[in-house]
Amino acid sequence: MQLDDLYRRVIMDHYKNPRNRGKFEDDGVTIELNNPTCGDKISLQLQVQDGKVANARFVGEGCSISLSSASMMTDAVKGKTLEEAVAMAEQFSGMMKGEPAEFEYEDIEALSGVNKFPARIKCAMLAWNALRKGVEQADRG
Amino acid sequence: MNAAQIRELFPILNQEVNGHPLIYLDSAATSQKPRSVIEALKHYYETDNANVHRGVHTLGSRATDAYEGAREKLARFINAKSSQEIIFTRGTTAAINLAATSYARSVLSEGDEIVLTPMEHHSNLIPWQQAAKATGATLKYIPLQDDGTIRLEDAAAAITNRTKVVAMTYVSNVLGTVNPVKEVAALAHKHGAVILVDGAQSTPHLKVDMQDLDCDFYALSAHKMCGPTGIGALYGKKALLEKMEPVEFGGEMIDHVDLYESTWKELPWKFEGGTPVIAGAIGLGAAIDFLEQVGMDEIHQHGVQLAAYALDRLSRLDDIAIYGPREGRAGLVTFNLGDIHPHDVSTVLDAEGIAIRAGHHCCQPLMRILNVTATARASFYLYNTEEDIDRLADGLIRTKEFFGHAIG
Ligand SMILES: Cc1ncc(COP(=O)(O)O)c(C=O)c1O
């Protein structure tokens, strides 16, 4: 078990300098998600226009993995259609199961090491699960 | 007591994890099992396995004797007046739910109060929230002091003639606080209320005495005291248990069954519907034998010493926050290391073979009072040594280095 596989520099950078952290003035779709086993929390806001994610922000409490994952996700989905966003979440979930994955937003690939730390997969998934819920909500509403 | 020798009796502790000798510091979540308990389970399945209280064949009698023998051992271990006061359950959670459902819901009504502390495990909180919702009773909390203790005068103020139930943990699984349950029991009784004591963390570490504490209900789990998972008990005073209705109905718990009506067996069996956790109870009996052989006073002393040692060792680290009382705590230390999330602390320690717990420890309301979302917890038992704590402290220093380095 190599800690450096998990805590890559990119991850630490997102953890220390999270992108898109904070709330919008006029909220779009808001999703609150908890990780009940460990107490991590995310509140994700998506602004959807013309079937695309115009903007995404989050506030949350959690470990380096869950926060860096949220930081990357919110950056990566900007400008994507809802379908593309869901596909990206699927791909991310596959990567957590050890499937090879490539992302246009390459930082995300640094999280592939989480796969070797089963206890931490749910941390990495939290933001992406919130994204899936957010898209469902946007679709409905 | 020689912890290093005791460790040899626990097969699981003799292994490497991630290339390092395992240091298990998560016994408050579940303890490891000595060889004698594992052997007792094996012996039961290899020689005595049969259903209990049914049939008249030899194996059936052996299994029944062993199962009921375990009940008697537990009754003696916690100094109940009689083994009829011991109801086997799946564990502490199930025991509290049984009391909250069968006893509390039948006595509670609108305007009644249930008194709790903010340090309760979700298992000793949610059953009462649900009982309150079902009956119109309200919950009331004895406030927590900054040092993680409760004051008797606050308990005295909270408990009034409206109080029907007081529910309180003996030992906090987060703070290590040992609550004055005997004194609170006296307060409850003065107002005609009953007290349920959550004994999940106390039974493994302290000599507990039902008659001395004079509590009305007491819940415990075998898996935290060297026994198997899936078994625990609700102790209840006989007079109360007799008045209570079963909550699970079926085989084993009946006296006479007609097409439209049935009657129940006497105590304790009326609460044990279905085939019970026979092997588990026998394993619990073996765990009690083991603990008594070592000596509960010695185990208690050892836990207190290790907690004091850990408190001293860890409080020397830079930037560490330690929660709970400085004095008189049971065998655990809960902390946060700077702004490094406990998950990250735990992952780095795990890479060194050190197992600690990270999270909210099933105490979300308490986490809010401590103003954190999660904490790290190292908990100790009879097989842990001061060297384990030295390794933890060294591991924490490296965690800080690692994160300083990784972040910088
Ligand atoms: C104080 C306390 N109460 C209740 C429980 C619940 O015990 P169990 O999960 O064995 O039912 C625990 C264990 O996690 C505990 O520490």
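Our subject is the structure that appears above.
This part is about the overall build of chain B. Within chain B one finds 14 helices and 17 strands. Its C-alpha atoms give chain B a radius of gyration of 22 Å, within 12% of the compact-globule value 22 Å for 408 residues. The dimensions of chain B, computed from C-alpha atoms along their principal axes, are 75 × 55 × 35 Å. The 408 residues of chain B split such that 57% are buried. A separation threshold of at least 6 residues defines the contact pool for chain B, and within that pool the share at least 24 residues apart is 70%. Surface exposure of chain B reaches about 16,300 Å², of which carbon and sulfur atoms provide 50%. Positive and negative side-chain charges of chain B, numbering 36 and 51 respectively, have mean locations separated by a distance of 2 Å.

All names here are of chain B. Around the ligand lies a shell formed by T92, T93, H121, S123, T169, N173, D198, A200, Q201, S221, H223 and K224. For the ligand, an oxygen atom lies 3.1 Å from a polar atom in the side chain of H121. Expressed as a share of its isolated accessible area of 390 Å², the protein-covered part of the ligand is 84%. Of the residues that constitute the shell around the ligand, the class distribution is 1 nonpolar, 9 polar and 2 charged.

The subject of this paragraph is helix α5 (residues 126-135) of chain B. Residues and elements named next belong to chain B. Here α5 has its buried residues at P127, W128, A131, A132 and T135. Viewed end-on, α5 has its buried residues packed into an arc of 135°, placing them on one side of the element. For α5, the elements touching its buried residues are α4 (92-107), β5 (113-116), β6 (138-141), β7 (163-169) and β8 (194-198). Looking one or two places after α5, you find G136, whose phi comes out positive at around 85°.

This brings us to the nonpolar core. Residue and element names in this part refer to chain B. Within the largest apolar cluster, 77 residues are counted, with the highest numbers of intra-cluster contacts made by L74, I78, F88, Y218, L291 and L382. In terms of residue count, helix α10 (residues 278-294) provides more of this core than any other element does, 11 residues in total. Taken domain by domain, this core gets at least three of its residues from each of domain 1 (3-26 + 295-402) and domain 2 (50-293). Those residues within four positions of F88 in sequence are excluded, and the remaining contacts are Y67, A70, R71, L74, I231, G232, A233, E272, A281 and L284.

Moving on: the packing of aromatic side chains. Tallied over the entire structure, the rule returns 11 aromatic pairs over all chains. Ring plane angle 70° and centroid distance 4.9 Å describe the contact between Y7 of chain A and F403 of chain B, whose orientation is recorded as edge-to-face. Note that Y7 of chain A is positioned in the loop between α1 (3-6) and α2 (9-16) and F403 of chain B in helix α14 (residues 386-407), a pairing that runs across two chains. Judged by its relative accessible area of 3%, Y7 of chain A falls in the buried class. Taken together through their ring pairs, the aromatic side chains of F10, F290, Y381 and Y383 of chain B make up a single cluster.

A few words on the environment of A308 of chain B. Of note, A308 of chain B is situated in helix α11 (residues 296-315). Measuring from C-alpha to C-alpha, the distance between A308 of chain B and Y235 of chain B comes to 31 Å, with 73 residues separating the pair along the chain.

Let's shift gears to the packing of helix α3 (residues 64-76) of chain A against helix α5 (residues 121-140) of chain A. Residues and elements named next belong to chain A. Here α3 crosses α5 at 35°, and the two axes come no closer than 6 Å. The handedness of the crossing between α3 and α5 is right-handed. Across the interface between the two elements, I65, S66, S69, A70 and M73 of α3 pack against C123, A124, A127, W128 and L131 of α5. For the contact of α3 with α5, the class distribution of residues is 8 nonpolar, 2 polar and no charged.

So, about the side chain of S31 of chain B. Residues and elements named next belong to chain B. Residue placement: S31 occurs in the loop between β3 (23-24) and α2 (35-48). The class for S31 is buried, based on a relative accessible area of 1%. At 3.0 Å, the side chain of S31 forms a polar contact with the backbone oxygen of H223. Within polar-contact distance, the side chain of S31 engages the backbone nitrogen of C226 at 2.8 Å. Ignoring sequence-local partners within four residues, the contact set of S31 consists of H223, K224, M225, C226, Y381 and Y383.

Right, let's talk about the pairing of β8 of chain B for a bit. Residue and element names in this part refer to chain B. Counted residue by residue, β8 has 5 buried out of 5 residues, so it is predominantly covered. Side chains V194, L196 and D198 of β8 all project onto a buried face; the interleaved residues I195 and V197 project onto the opposite face, where all are buried too. In this sheet, β8 lies alongside β7 in parallel orientation, the contact comprising 5 bridges. Among the inter-strand pairings, A167 is bridged to a residue of β8, identified as L196. The parallel pair β7 and β8, bridged by helix α7 (residues 181-190), forms a crossover whose chirality is right-handed. Here 3 bridges tie β8 to strand β9 (residues 217-221), and the two strands are oriented parallel to one another. Pairing of L196 across the sheet is with F217, part of β9.

So, how was this worked out
Residues numbered from 1 in each chain as written. Chains lettered and ligands numbered in written order. Predicted model: local features only at pLDDT ≥ 70, side-chain atom pairs only at ≥ 80, totals over all residues. Heavy atoms only, no water. Helix = DSSP H or I, 4+ residues; strand = E, 2+ residues; numbered from the N terminus. Rg over C-alpha atoms; globule rule 2.2 N^0.38 Å. Buried < 20%, exposed > 50% of the residue type's maximum accessible area, 1.4 Å probe, protein only. Contact = heavy atoms within 4.5 Å. Areas by Shrake-Rupley, 256 points an atom, 1.4 Å probe, with all protein chains shown as cover. Lys, Arg positive; Asp, Glu negative; His and termini not counted. Charge placed at Lys NZ, Arg CZ, Asp CG, Glu CD. Near = heavy atom within 4 Å. Polar contact = N/O pair within 3.5 Å; in protein donor to acceptor, adjacent residues only side chain to side chain. Nonpolar A, V, L, I, M, F, W, Y, C, P; charged D, E, K, R; others polar. Arc of directions from axis to C-beta. Core = buried A, V, L, I, M, F, W, Y, C linked by side-chain atoms within 4.5 Å. Domains from an automatic or database assignment. Phe/Tyr/Trp six-rings, centres within 6.5 Å; stacked < 30°, edge-to-face > 60°. Axes fitted to C-alpha atoms, helices over the stretch in contact; angles between N-to-C directions. Left-handed = near helix turned anticlockwise from the far one by under 90°. Pairing = 2+ DSSP bridges. Right-handed = clockwise from strand over helix to strand, strands pointing away.

These figures capture arrangement, not role.
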